[in-house]
Amino acid sequence: MGVGAGALSGGTALALVPTMGALHEGHRSLIRLARERADQVAVSIFVNPLQFGPSEDFSRYPRTFEADLEICRAEGVGIVFAPSAEEMYPPGRQVGVSAGAMGSVVEGEFRPGHLDGVLTVVLKLFNLVQPDVAVFGQKDAQQLAVIRRMVADLNLPVTVVGAPTIREPDGLALSSRNRYLSPEDRPVALALSRALDEGVREHRAPLVRRAARAVLDAEPSLVLDYLVLVDPATFAEVGDDHTGEAILAVAARVGTTRLIDNVTLTLG
């Protein structure tokens, strides 16, 4: 297994799975989907400083590079691209990517600049690795939406594929940050997936919001950032009379850990 980009001979399709490491079963599912879509698979491992705010967990974000390499080997990954921050962001860097209006709502409201940082690193990875296909998890639904917008707006020759959220047996969405949860935090964290489950049972926007919010309100130790019902393409809040597809998304802090989750549903 090579480390670096540019190891492929011409003529074979290449799929990229961008990650920040600390790989788990959710990442394995992305890699397997990538293998279905292309002849060769590359995984990037880079904890991107641009997408962390000044008070966020960049310094303690889990870094498990050797274990990550073992997972990549086991999944038949052909290329692992693991650049340093100095290689990705040379001194004097000035130019980045703006997420536009979608970068200031939902996640963007609570994490200013986060989605700009995501798009900047993803565009750099696309330029460096030159993939034909890129696979991202639906758990980060707004990230996936802004990446699709960037690919369309900048005419990038990459097909973006969204992969279903992988959950633990108790329903918690898999995340590298789940390891931060204490035994006491764990049952509180399950309120996120329970809220989505209750919301998806309803078919009118006001009832979806009400059902999901009732579950969250029943957990007083959970600190809610947002619960929103949004358009999948723009992440603008949908109206009470909206019909068709929507995303019910939630973000909350459980103890010292911030978690996000979402589900796609059909209204009407």
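None of the values given here were measured: they were computed from a predicted structure.

Enquirer: Pulling in residues and values, what's your account of the layout of surface pockets?
Expert: In this structure, the second largest pocket encloses a volume near 240 Å³. Residue composition of the lining of the second largest pocket, by class: 9 nonpolar, 3 polar and 3 charged.

Enquirer: Outline the pairing of strand S9 (residues 257-267), listing residues and values.
Expert: Across the 11 residues that make up S9, a large majority, 8, are buried. In this structure, strand S8 (residues 244-254) lies alongside S9, joined through 11 bridges in antiparallel fashion. Of the residues in S9, the one forming a bridge with Val 250 is Asp 261. The turn linking S8 back onto S9 is made up of 2 residues, and Gly 255 within it adopts a positive phi angle of 65°.

Enquirer: Talk me through the nonpolar core; I want residue IDs and the actual numbers.
Expert: Counting residues in hydrophobic clusters, the biggest one holds 41 residues, and the most contacted among them are Val 122, Phe 126, Phe 136, Ile 147, Met 150 and Phe 235. Secondary-structure elements contributing two or more residues to this core are strand S2 (14-19), strand S4 (79-81), helix H5 (114-129), strand S5 (133-137), helix H6 (141-153), strand S7 (222-230) and S8. Looking at this core element by element, the count peaks at 9 residues for H5. Excluding residues that lie within four positions of it along the chain, Ile 147 makes contacts with Val 118, Leu 119, Val 122, Phe 136 and Val 160.

Enquirer: Explain unusual backbone geometry residue by residue, including any values.
Expert: The residue Asn 155 is not glycine, and still its phi comes out positive at about 55°. By secondary structure assignment, the location of Asn 155 is in the loop between H6 and strand S6 (159-163). Even without glycine at this site, Phe 235 takes up a positive phi of about 60°. Along the chain, the position of Phe 235 falls in the loop between S7 and S8.

Enquirer: Talk me through the pattern of salt bridges; I want residue IDs and the actual numbers.
Expert: On inspection of all chains with the given rule, the structure shows 18 salt bridges. As a salt-bridge pair, Glu 107 and Arg 111 come within 3.8 Å of each other at their nearest N and O atoms. An identical accessibility class is assigned to Glu 107 and Arg 111; each is buried. The partner of Arg 258 in a salt bridge is Asp 225, and the shortest N-O contact between them spans 2.8 Å. Pair noted here: Arg 258 is in strand S9 and Asp 225 is in strand S7, with a separation of 33 residues, a long-range link. With respect to burial, Arg 258 and Asp 225 carry one shared label: buried. By sharing partners, the salt bridges in this structure join Glu 56, Glu 107, Arg 111, Asp 225 and Arg 258 into a single network.

Enquirer: Just give me the short version of the environment of Ser 182, but keep the residues and values in it.
Expert: Tracing the backbone shows Ser 182 in the loop between S6 and helix H7 (185-200). Note: C-alpha distance between Ser 182 and Thr 257 (75 residues apart in sequence) is 9.6 Å.

Enquirer: Tell me about the packing of aromatic side chains, residues and numbers included.
Expert: Scanning all chains against the criterion turns up 4 aromatic pairs. Ring centres 5.8 Å apart and planes at 75° place the aromatic pair Phe 52 and Tyr 61 in the edge-to-face group. Take Phe 52 and Tyr 61: they sit in the same class, and that class is buried. Here a set of aromatic residues connected by ring pairs shows up, and it is made of Phe 52, Phe 58 and Tyr 61. Lying across the ring of Tyr 180, Arg 60 places its NZ or CZ 3.9 Å from the centre.

Enquirer: With reference to specific residues and values, describe the environment of Phe 52.
Expert: Here Phe 52 shows up in the loop between strand S3 (40-45) and helix H2 (65-74). Taking C-alpha positions, Phe 52 is 23 Å from Ala 236, a pair spaced 184 residues apart along the chain. Setting aside its immediate chain neighbours within four residues, Phe 52 contacts Met 20, Val 47, Asp 57, Phe 58, Tyr 61, Arg 111 and Arg 177.

Procedures and definitions
Residues numbered from 1 in each chain as written. Predicted model: local features only at pLDDT ≥ 70, side-chain atom pairs only at ≥ 80, totals over all residues. Heavy atoms only, no water. 1 Å grid on protein atoms, 1.4 Å probe; cavity = no way out; pocket = protein on both sides within 12 Å on 5 of 7 lines; lining within 4 Å. Points joined across faces, edges and corners; volume = space filled by probe spheres on them. Nonpolar A, V, L, I, M, F, W, Y, C, P; charged D, E, K, R; others polar. Buried < 20%, exposed > 50% of the residue type's maximum accessible area, 1.4 Å probe, protein only. Helix = DSSP H or I, 4+ residues; strand = E, 2+ residues; numbered from the N terminus. Pairing = 2+ DSSP bridges. Core = buried A, V, L, I, M, F, W, Y, C linked by side-chain atoms within 4.5 Å. Contact = heavy atoms within 4.5 Å. Salt bridge = Lys/Arg side-chain N within 4 Å of Asp/Glu carboxyl O. Phe/Tyr/Trp six-rings, centres within 6.5 Å; stacked < 30°, edge-to-face > 60°. Lys NZ or Arg CZ within 6 Å of the ring centre and 35° of its normal.

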